[in-house]
Amino acid sequence: QQQVKQSPQSLIVQKGGISIINCAYENTAFDYFPWYQQFPGKGPALLIAIRPDVSEKKEGRFTISFNKSAKQFSLHIMDSQPGDSATYFCAASSSGTASKLTFGTGTRLQVTL
Amino acid sequence: DAGITQSPRHKVTETGTPVTLRCHQTENHRYMYWYRQDPGHGLRLIHYSYGVKDTDKGEVSDGYSVSRSKTEDFLLTLESATSSQTSVYFCAISEEPFYGYTFGSGTRLTVV
């Protein structure tokens, strides 16, 4: 069963635009929600993460918005740049599970000039 | 990534043969994980370890075994490789829960 659903599967955004990727989860025990960025031929790298005690976290051009009641969270990339073109994965884990992360299926982002 | 190395980077093997992938870390992190990445499935957990000789199954563990005899090494073995195990395999390490993972560069395995 897919515990973390991610959309869209792919996304094309113009340079300077806002990229938005959404994730929904089912397990109410999840309490840690990171986003990973992956470039071709590389392993995923942690981009930004949030705990459910806050509704938003911002780091530079990247923002996570979290809606606990809806069990949804999203990644917003402001002023998207061609260098942001990559695959993005949302993930979730719960306390006491050796921090095992459950990943979404990924979103391939392409930022065009 | 510095601190975590996967070997080999690429491997082609025949159906029915055993295959072992190695993950080596120099960070002295407690937690180690093996994931496989497939189009349309994202990353799925195969096995993980929370200490030397302490391992447990993930969601797609059938056909795989692991061993961790030293803190720095986590081995993934495909006991009898099948074409469905053609994938990119990633090892990850984590110091403590919620500190995030550091991933290796992956091993691309093709079973013919």
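Details of the structure are given in the entry above.
Residues numbered from 1 in each chain as written. Chains lettered and ligands numbered in written order. Predicted model: local features only at pLDDT ≥ 70, side-chain atom pairs only at ≥ 80, totals over all residues. Heavy atoms only, no water.

Quick look at the packing of aromatic side chains now. Within this structure, the stated rule accounts for 20 aromatic pairs over all chains. Where Tyr25 of chain A meets Phe30 of chain A, the ring centres are 6.2 Å apart and the plane angle is 55 degrees; that geometry is what we call tilted. Each member of the pair, Tyr25 of chain A as well as Phe30 of chain A, is classed as buried. Among the aromatic side chains, those forming a connected cluster through ring pairs are Tyr36, Phe89 and Phe103 of chain A together with Tyr33, Tyr35, Tyr48, Tyr50, Phe90, Tyr101 and Phe103 of chain B. (Phe/Tyr/Trp six-rings, centres within 6.5 Å; stacked < 30°, edge-to-face > 60°. Buried < 20%, exposed > 50% of the residue type's maximum accessible area, 1.4 Å probe, protein only.)

What follows deals with the pairing of strand S3 (residues 19–25) of chain A. All names here are of chain A. In S3, alternate side chains face the same way, and those of Ser19, Ile21, Cys23 and Tyr25 are buried while those of Ile20, Asn22 and Ala24 on the opposite face are not. With four bridges joining them, strand S1 (residues 4–7) and S3 adopt antiparallel strand pairing. Paired with Ser7 across the strands is Asn22, a residue of S3. Pairing of S3 with strand S8 (residues 72–77), which is carried by six bridges, proceeds in the antiparallel orientation. Paired with Ala24 across the two strands is Gln72, which belongs to S8. (Helix = DSSP H or I, 4+ residues; strand = E, 2+ residues; numbered from the N terminus. Pairing = 2+ DSSP bridges.)

On to the pattern of salt bridges, then. Under the definition given, this model contains six salt bridges over all chains. For Arg61 of chain A, the salt bridge goes to Asp84 of chain A, with nearest N and O atoms at 2.8 Å. Taken together, the positions of Arg61 of chain A in the loop between strand S6 (56–59) and strand S7 (62–67) and Asp84 of chain A in the loop between S8 and strand S9 (86–92) put the pair 23 residues apart, joining distant regions of the chain. Classification of Arg61 of chain A by relative accessible area gives partly exposed; the value is 27%. Using a relative accessible area of 5% as the deciding quantity, one classes Asp84 of chain A as buried. We note a salt bridge from Arg36 of chain B to Asp38 of chain B, for which the minimum N-O separation is 2.8 Å. (Salt bridge = Lys/Arg side-chain N within 4 Å of Asp/Glu carboxyl O.)

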